[in-house]
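In case you want the letters, here they are:
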Amino acid sequence: MVDFTSASAHAHAMAETAALFRIEGRVQGVGYRWWAIGQARAQGLRGWVRNRRDGAVELLAVGPEEALAALEQACREGPSAARVTAVIRSQVQDDGSTDFSERATV
């Protein structure tokens, strides 16, 4: 007997990609991290978001490519008070995050 549930879960896990986004512009002090958490969770992504001391926001997200692309597009807009000037995406390794959370500034 074939267990389709575990085969499907395995295929889904294999289809996941990890991406690191660096968001630049006026993105600190405008609620960007809290907004990004909501966007990522709505897409069913795992990962984290944090401020960087250089004024950027950094976000690692893990999930299906379609969800990552939707998050990337949303990050280019940001919350209403933000003024995004760049979103730079890099491929990274899955860090094992189990949910989407906020991390301390680095």
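Up top is the structure these notes are about.
Note that the structure is predicted; figures quoted are calculated from it, not measured.

Caption draft 1: Seen up close, the environment of Ile 88. Inspection of the secondary structure puts Ile 88 in strand E4 (residues 83-91). With a relative accessible area of 41%, Ile 88 lands in the partly exposed category. The spacing of Ile 88 and Ile 23 is 65 residues in sequence and 6.6 Å in space, taken between C-alpha atoms. Those residues in contact with Ile 88 that lie beyond four places of it in its chain are Leu 20, Phe 21, Arg 22 and Glu 24.

Caption draft 2: Structural detail: the pattern of salt bridges. Within the structure shown, the criterion is met by 11 salt bridges. A salt bridge links Glu 16 to Arg 46; the nearest nitrogen and oxygen atoms lie 2.8 Å apart. Of this pair, Glu 16 sits in strand E1 (residues 16-26) while Arg 46 sits in strand E2 (residues 46-51), and the two are 30 residues apart along the sequence. Owing to a relative accessible area of 17%, Arg 46 belongs among the buried residues under this scheme.

Caption draft 3: Inspection of the nonpolar core at higher detail. Ranked by size, the top nonpolar core spans 23 residues in total, and within it Phe 21, Ile 23, Tyr 32, Leu 59, Ala 61, Leu 71 and Cys 75 carry the most contacts. Listed in part, the 5 residues of the second largest apolar core include Ala 18, Leu 20, Leu 60 and Val 62.

Caption draft 4: Representation of the packing of helix H2 (residues 32-42) against helix H3 (residues 65-77) in the model. Between H2 and H3, the shortest axis-to-axis distance is 10 Å and the interhelical angle comes to 155°. Overall, the two elements H2 and H3 adopt an arrangement that is roughly antiparallel. For H2 against H3, the interelement crossing comes out right-handed. Between H2 and H3, the contacting residues are Tyr 32, Trp 35, Gln 39 and Ala 40 on the first element and Leu 71, Ala 74 and Cys 75 on the second. Across the contact of H2 with H3, the residue classes break down as 6 nonpolar, 1 polar and no charged.

Caption draft 5: Representation of the environment of Trp 34. With respect to the secondary-structure elements, Trp 34 resides in helix H2. Trp 34 sits in the exposed class, given a relative accessible area of 52%. Sequence separation between Trp 34 and Arg 50 is 16 residues, and the spatial gap between their C-alpha atoms is 9.9 Å.

Caption draft 6: Up close: the sheet that holds E1. With mixed pairing, 5 strands are arranged side by side in an open sheet as E4-E1-E3-E2-E5. Two strands in the sheet have a free side with no partner beyond their single neighbour: E4 and strand E5 (100-102). Sheet twist, expressed as the average angle between the axes of neighbouring strands with direction ignored, equals 20°. As judged from the 8 bridges shared by E1 and strand E3 (residues 57-64), these two strands associate in the antiparallel manner. Each residue of the ladder has a partner; that of Ile 23, found in E3, is Val 57. Strands in contact with H2 are E1, E2, E3, E4 and E5; relative to E5, the strand with the most contacts, it is inclined by about 175°. Sheet contacts for H3: E1, E3 and E4; angle to E3, the most-contacted strand, approximately 155°.

Thresholds applied
- Residues numbered from 1 in each chain as written.
- Predicted model: local features only at pLDDT ≥ 70, side-chain atom pairs only at ≥ 80, totals over all residues.
- Heavy atoms only, no water.
- Helix = DSSP H or I, 4+ residues; strand = E, 2+ residues; numbered from the N terminus.
- Buried < 20%, exposed > 50% of the residue type's maximum accessible area, 1.4 Å probe, protein only.
- Contact = heavy atoms within 4.5 Å.
- Salt bridge = Lys/Arg side-chain N within 4 Å of Asp/Glu carboxyl O.
- Core = buried A, V, L, I, M, F, W, Y, C linked by side-chain atoms within 4.5 Å.
- Axes fitted to C-alpha atoms, helices over the stretch in contact; angles between N-to-C directions.
- Parallel < 35°, antiparallel > 145°, perpendicular 65-115°, else oblique.
- Left-handed = near helix turned anticlockwise from the far one by under 90°.
- Nonpolar A, V, L, I, M, F, W, Y, C, P; charged D, E, K, R; others polar.
- Pairing = 2+ DSSP bridges.

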